[in-house]
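Structure at a glance
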Amino acid sequence: MQPRIGMMLASTVDSTTVVIVRWAAGDKEVTCGGRPMVDQTQQDTLLQEPLDPDHAAGTMLGKRYATDDGSVELLCTKPGQGSLAVAGVPLAVKSAKPLPASD
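What you see is a predicted model, and the numbers here were worked out from it, not measured in a lab.

**What about the overall build of the chain?**
For the chain, the count of helices and strands is zero helices and ten strands. When the helices and strands of the chain are placed in sequence order, the string is β-β-β-β-β-β-β-β-β-β. At 14 Å, the chain has a C-alpha radius of gyration in line with the 13 Å of a compact globule built from 103 residues. Expressed as lengths along the three principal axes of its C-alpha atoms, the size of the chain is roughly 55 × 25 × 20 Å. If you take every contact in the chain between residues at least 6 apart in sequence, the share linking residues at least 24 apart comes to 59%.

**Details of the side chain of Ser83**
The residue Ser83 is located in the loop between strand 7 (72–78) and strand 8 (84–86) in this model. Since its relative accessible area comes to 16%, Ser83 is described here as buried. Dropping the residues within four chain positions of it, Ser83 is found in contact with Thr31, Cys32, Gly33, His55, Ala56, Ala57 and Gly58.

**Concerning the nonpolar core**
Core analysis: the biggest nonpolar cluster contains 16 residues, and Leu9, Trp23, Val30, Met37, Leu74 and Leu84 have the highest contact counts within it. Elements with a minimum of two residues in this core: strand 2 (17–23), strand 3 (30–32), strand 7 and strand 8. Apart from residues lying up to four places away in sequence, Val30 is in contact with Leu9, Trp23, Arg35, Pro36, Met37, Leu74, Ala85 and Val86.

**Structural notes on the sheet that holds strand 8**
Ordered in space as 4-3-8-9, the four strands form an open sheet in which the pairing is antiparallel. In the strand order of this sheet, the two ends are held by strand 4 (35–36) and strand 9 (89–90), each with one partner.

**Points about the pattern of salt bridges**
Applying the stated criterion across every chain yields a total of four salt bridges. Between Glu49 and Arg35 there is a salt bridge, with its nearest N and O atoms 3.3 Å apart. Of the two residues, Glu49 is situated in the loop between strand 5 (38–39) and strand 6 (64–66) and Arg35 in strand 4; the sequence distance between them amounts to 14 residues. We classify Glu49 as partly exposed; its relative accessible area is 34%. The closest approach of N and O atoms between Glu73 and Lys94, which form a salt bridge, is 2.8 Å. Here Glu73 is found in strand 7, whereas its partner Lys94 is found in the segment after strand 10 (92–93), with 21 residues between them in sequence. Note on Lys94: relative accessible area 36%, which makes it partly exposed. Through salt bridges with shared partners, a single network forms among Arg22, Arg64, Glu73 and Lys94.

Thresholds applied
- Residues numbered from 1 in each chain as written.
- Predicted model: local features only at pLDDT ≥ 70, side-chain atom pairs only at ≥ 80, totals over all residues.
- Heavy atoms only, no water.
- Helix = DSSP H or I, 4+ residues; strand = E, 2+ residues; numbered from the N terminus.
- Rg over C-alpha atoms; globule rule 2.2 N^0.38 Å.
- Contact = heavy atoms within 4.5 Å.
- Buried < 20%, exposed > 50% of the residue type's maximum accessible area, 1.4 Å probe, protein only.
- Core = buried A, V, L, I, M, F, W, Y, C linked by side-chain atoms within 4.5 Å.
- Pairing = 2+ DSSP bridges.
- Salt bridge = Lys/Arg side-chain N within 4 Å of Asp/Glu carboxyl O.

Here it is in structure tokens:
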């Protein structure tokens, strides 16, 4: 599966769903809870897989998760127990940009 901007992905280990906001990572795999995420339309047909305890930091509703270099950005639309990663590299919550001071 080639990820693309606007694609909705669902976890196979918990209730996490995300939307791809930015993707410049080529054909890398997005995982949640240590297992590959699937297109949201395929989620109902798959059996739930066990959550990897090493990848159970959780996701938060409405937060953006990104790689350090900014090549990938995902928006969490439904939270869950699994943590997000791209090609095995964990994604961090993207912090808000500080506003300029107004004196």
